[in-house]
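# Tertiary structure, described
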Amino acid sequence: MACYAYILCVLTLFSSVLASQETLKNIAHSFLKVLDECKQELNLHENILLDLYHFWKEDYGLLKRDTGCAIMCMSQKLQLVDTTGNLHHGNAQEFAVKHGAEVEVAQKLVNMVHECEKQHQVQEDPCERALEVAKCFRGGIHLLKWNPTVEVLVEEVLTEV
């Protein structure tokens, strides 16, 4: 499913929180580069940034279809999905490892994304499907207590500005 660009930001998490945050920061930097391209190509509004900023807050709804379209676009640009729009397991794991994840952690998270993808495969609209998979993945990350802190994300965004 083509909704993994932002989701796969977390595929680089280590066992320790500090290492996870540093890795996430490295990944976020890569995604911010392609986000601008996607915003232009899809004519997306700045509200996408608000959704992505609040992505890791469990109580944040993530209801905007455009956010799903942005996630899908970023995933495609980073070659994290195959030609059918499904997660490319090899590319996704390689991407996570390249940005600092241990192989076992990357594989566990790729499997988590894949399970979320299977749960929402009936959704025909690719943007809506991307959004639902993203929410599912976010929930799994919270259960593992691997969710990144807002401070790490804000630092990365401010570095880009």
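What counts, and where the lines are drawn
Residues numbered from 1 in each chain as written. Predicted model: local features only at pLDDT ≥ 70, side-chain atom pairs only at ≥ 80, totals over all residues. Heavy atoms only, no water. Helix = DSSP H or I, 4+ residues; strand = E, 2+ residues; numbered from the N terminus. Polar contact = N/O pair within 3.5 Å; in protein donor to acceptor, adjacent residues only side chain to side chain. Buried < 20%, exposed > 50% of the residue type's maximum accessible area, 1.4 Å probe, protein only. Lys, Arg positive; Asp, Glu negative; His and termini not counted. Salt bridge = Lys/Arg side-chain N within 4 Å of Asp/Glu carboxyl O. Contact = heavy atoms within 4.5 Å.

### Points about the environment of Glu-115
With respect to the helices, strands and loops of the structure, Glu-115 is situated in helix H5 (residues 103-119). Sequence separation between Glu-115 and Phe-137 is 22 residues, and the spatial gap between their C-alpha atoms is 8.8 Å. In terms of polar contacts, Glu-115 uses its side chain to reach the side chain of Lys-118, at 3.1 Å.

### A short note on the side chain of Glu-117
Topologically, Glu-117 is positioned in helix H5. It turns out Glu-117 is buried and unbridged, and the closest side chain with the opposite charge, Arg-129, is 7.2 Å from it. One polar contact links the side chain of Glu-117 to the main-chain amide nitrogen of Leu-87, over a distance of 2.9 Å.

### A closer look at the environment of Cys-127
With respect to the secondary-structure elements, Cys-127 resides in helix H6 (residues 126-144). A residue is classified by how much of its surface remains accessible, and Cys-127, at 4% relative accessible area, is buried. Taking the C-alpha atoms as reference points, Cys-127 and Thr-67, separated by 60 residues in sequence, lie 7.7 Å from one another. Once you skip the residues sitting within four places of it in the chain, Cys-127 turns out to touch Arg-65, Gly-68, Cys-69 and Met-72.

### Re the side chain of Lys-39
Within the secondary structure, Lys-39 is located in helix H1 (residues 17-42). Separated by 3.0 Å, the side chains of Lys-39 and Glu-46 make a polar contact. Setting aside anything within four residues of it in sequence, one finds Lys-39 in contact with Leu-44, Glu-46 and Leu-49.

So far we have only geometry, and geometry alone does not tell us how the molecule works.
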